[in-house]
Amino acid sequence: MGSLSFCYSSLLQTILNSRQRKISAAIYCCTSTTSTPYSKNIVEGNDRLKPIVVNGDPPTFVSAPGRRIVAVGDLHGDLDKARYALEMAGILSSDGQDLWVGGQTVLVQLGDILDRGGDEIAILSLLRSLDIQAKANGGAVFQVKGNHETMNVEGDFRYVDSEGFDECADFLEYLEICDHKWEEAFVGWVGESKRWKEQRMMSKSWGPWNLVKRQKGVIARSILLRPGGPLAYELARHAVVIKVDDWVFCHGGLLPHHVEYGIERMNREVSYWMKGLCSSDGDPQLPFIATRGYDSVVWSRLYSRDTSYLDEYQINQIQSILRESLQAVGAKAMVVGHTPQATGINSEFNGSVWRIDVGMSSGVLDSRPEVLEIRDGHARPIRSRSDKYSELQLVDFM
């Protein structure tokens, strides 16, 4: 590894001055008034699929005709469980090479990659790498932001695992070795992180030096995730709400007043804040409607509650709110994360909402990974590796 004593203050300025060079050339180059095709028309069997078209910046409305959609819930810094889930979904190679094998599949990850685990940046790196590969094959990878992403950009590190701080320090040092070339360092980190972690464990020490290392990790995380920081800028590429065909995806839940406010507007404002772009008063404005409060998009648990504890009136009220939200955005169903489901992936209100956070991270419930597959408008959980290609080979490769 490089020196542990480089100057963080000068590095911060270097990073902030250079972030536009690479990150502004982000893969998602569409705007709110244009439609961006994701891929050329691609032949699958005897059917020629139309290209994926994305509207919004960050991506908000996606047309992905004929594609299989896979949704993955909260990952919370557990890279092993993330890989397991993606392999189950049939989109990640099982040979350890982190290759996209999903063809024209669309993957949607529902946020909360940060906190409670030690491989947060590695998971983000993996998803970016898979996005690049997926696009080359007619597929796509989308992410939505969860409450733990917004908390960290606010500087709320209450739920950060000690190894999470260590990973930030390691990655910031690796970024320096890469001459602050963000794309190169970020996409490559998933392949480098294990070696850095092993070297860190071999040199692990106690006493005052350990305290210094912890301080270094906190400083590194602050540099990376402050509004305008390079990792916050990376997170800004993703939406808080995204609609793919007839399905809407968000971390907590979409409510009628969110739709009235404008989901594209919310996505844009959260992105603007994370990039550290200032309002007229000179300060980045936190978009409360999306990121703060029990009824914000990333915090709402209205659709994830156990209805067995509710009376008929309460259930009818929730169903009415859900129906109004879906009608307002023109969707048939909603997929949410945020609230761990002890019974696994499940649906409620006649399949109008799917709850897919199964608490798979070792920092949460350490449960067996599950993913949601949507095909031809129908959803089903994939609960084990044996489910992986039970019907996909016949449909996709015959």
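Here the structure is a predicted model, which is why all the values come from computation and not from measurement.

A. Seen up close, the overall build of the protein. When helices and strands are counted, the protein shows 13 helices and 15 strands. Burial statistics for the protein: of 398 residues in total, 55% are counted as buried. Within the protein, contacts between residues separated by at least 24 positions form 70% of all contacts whose residues are at least 6 apart in sequence. Accessible surface, the protein: about 16,800 Å² in total, of which carbon and sulfur atoms supply 50%.

B. Focus on unusual backbone geometry. Omega for the bond connecting Asp57 with Pro58 falls within 30 degrees of zero, at 5°, which places this linkage in the cis form. You will see that Asp98, though not glycine, has its phi angle at about 55°, which is positive. Mapped onto the fold, Asp98 is located in the loop between α2 (79–88) and β7 (106–109). Although it is not a glycine, Asp366 sits at a positive phi angle of roughly 55°. With respect to the helices and strands, the residue Asp366 is situated in the loop between β13 (353–355) and β14 (371–375). Overall, the relative accessible area of 47% leaves Asp366 in the partly exposed class.

C. Representation of the sheet that holds β7. Read across the sheet, five strands follow the order β8-β7-β6-β14-β15 without closing on themselves; strand pairing throughout is mixed. What marks the edges here is a single partner per strand, and that holds for β8 (140–143) and β15 (378–382). Each strand of the sheet is rotated relative to its neighbour by a mean of 20°, with strand direction disregarded. Here strand β6 (residues 69–72) pairs with β14 via three bridges, running antiparallel. Residue pairing across strands places Val70 opposite Glu373, the latter belonging to β14. Running at roughly 145° to β8, helix α3 (residues 120–136) makes contact with β7 and β8 of the sheet.

D. Focus on the pattern of salt bridges. All chains considered together, the criterion is met by 19 salt bridges. One salt bridge connects Arg221 with Asp115, and the closest N-O pair in it is separated by 3.6 Å. Placement of the pair is Arg221 in helix α7 (residues 208–225) and Asp115 in the loop between β7 and α3, with a sequence separation of 106 residues. Arg383 is paired through a salt bridge with Glu370; the nearest N and O atoms lie 2.6 Å apart. Here Arg383 is found in the loop between β15 and α13 (392–397), whereas its partner Glu370 is found in the loop between β13 and β14, with 13 residues between them in sequence. Arg383 sits in the partly exposed class, given a relative accessible area of 30%. For Glu370, a relative accessible area of 8% gives the class buried. A single salt-bridge network, built from bridges that share partners, covers Arg128, Glu183, Glu234 and Arg237.

E. Spotlight on the confidence of the model for the protein. Across the protein, the average pLDDT comes to 87, with 82% of residues at 70 or higher. Contacts for the low-pLDDT stretch residues 1–34, under 50 throughout, to residues beyond four places or in other chains number 77 contacts. Low pLDDT (under 50) marks residues 389–398, which in the prediction has 14 contacts with non-local residues, meaning those over four places away or in another chain.

F. Looking closely at the packing of α3 against helix α6 (residues 182–202). Where α3 meets α6, the closest approach of the two axes is 8 Å, and the angle between their N-to-C directions is 115°. One element, α3, and the other, α6, form an angle in the roughly perpendicular class. Considering how the two elements wind past one another, α3 and α6 form a crossing that is left-handed. In this structure, α3 uses Ile121, Ala122, Leu124, Ser125, Leu126, Arg128, Ser129 and Ile132 to contact α6, whose residues at the interface are Glu183, Phe186, Val187, Gly188, Trp189, Val190 and Ser193. Residues that form the contact of α3 with α6 fall into these classes: nine nonpolar, four polar and two charged.

G. Representation of helix α12 (residues 312–329). Taking 1.5 Å as the rise per residue, α12 with 18 residues should run 26 Å; its terminal C-alpha atoms sit 26 Å apart, in good agreement. Every buried residue of α12 is accounted for by Ile318, Leu322, Ser325, Leu326 and Val329. Down the axis of α12, the buried side of the element spans an arc of 95°, and every buried residue falls inside it. Exposed side chains of α12 directed beyond 90 degrees from the buried face belong to Glu312, Tyr313 and Gln327. Against the buried residues of α12 lie β9 (241–244), β10 (247–250), α9 (256–261), α10 (263–274), β11 (333–336) and β13.

H. Structural detail: the packing of aromatic side chains. In total, this model carries seven aromatic pairs according to the counting rule given. With 6.1 Å between their ring centres and 75° between their planes, Phe157 and Phe165 make a pair best called edge-to-face. In this structure, Phe157 and Phe165 share a single accessibility class: buried. With a centroid separation of 5.4 Å and 75° between ring planes, the pair formed by Phe171 and Trp189 is classed as edge-to-face. Placement of the pair is Phe171 in helix α5 (residues 162–177) and Trp189 in helix α6, with a sequence separation of 18 residues. The buried category is assigned to Phe171, whose relative accessible area is 0%. Given the relative accessible area of 1%, Trp189 is considered buried. Three or more aromatic residues joined by ring pairs form one cluster here, namely Phe171, Tyr174, Trp182, Phe186, Trp189 and Trp196. The ring of Phe157 carries Arg221 above its face, with NZ or CZ at 5.6 Å from the centroid. When the ring centre of Tyr261 is taken as origin, the NZ or CZ atom of Arg265, which lies over that ring, is 3.8 Å away.

Criteria and cut-off values
Residues numbered from 1 in each chain as written. Predicted model: local features only at pLDDT ≥ 70, side-chain atom pairs only at ≥ 80, totals over all residues. Heavy atoms only, no water. Helix = DSSP H or I, 4+ residues; strand = E, 2+ residues; numbered from the N terminus. Buried < 20%, exposed > 50% of the residue type's maximum accessible area, 1.4 Å probe, protein only. Contact = heavy atoms within 4.5 Å. Areas by Shrake-Rupley, 256 points an atom, 1.4 Å probe, with all protein chains shown as cover. Pairing = 2+ DSSP bridges. Axes fitted to C-alpha atoms, helices over the stretch in contact; angles between N-to-C directions. Salt bridge = Lys/Arg side-chain N within 4 Å of Asp/Glu carboxyl O. pLDDT = per-residue confidence, 0-100. Parallel < 35°, antiparallel > 145°, perpendicular 65-115°, else oblique. Left-handed = near helix turned anticlockwise from the far one by under 90°. Nonpolar A, V, L, I, M, F, W, Y, C, P; charged D, E, K, R; others polar. Expected span 1.5 Å × (residues − 1). Arc of directions from axis to C-beta. Phe/Tyr/Trp six-rings, centres within 6.5 Å; stacked < 30°, edge-to-face > 60°. Lys NZ or Arg CZ within 6 Å of the ring centre and 35° of its normal.

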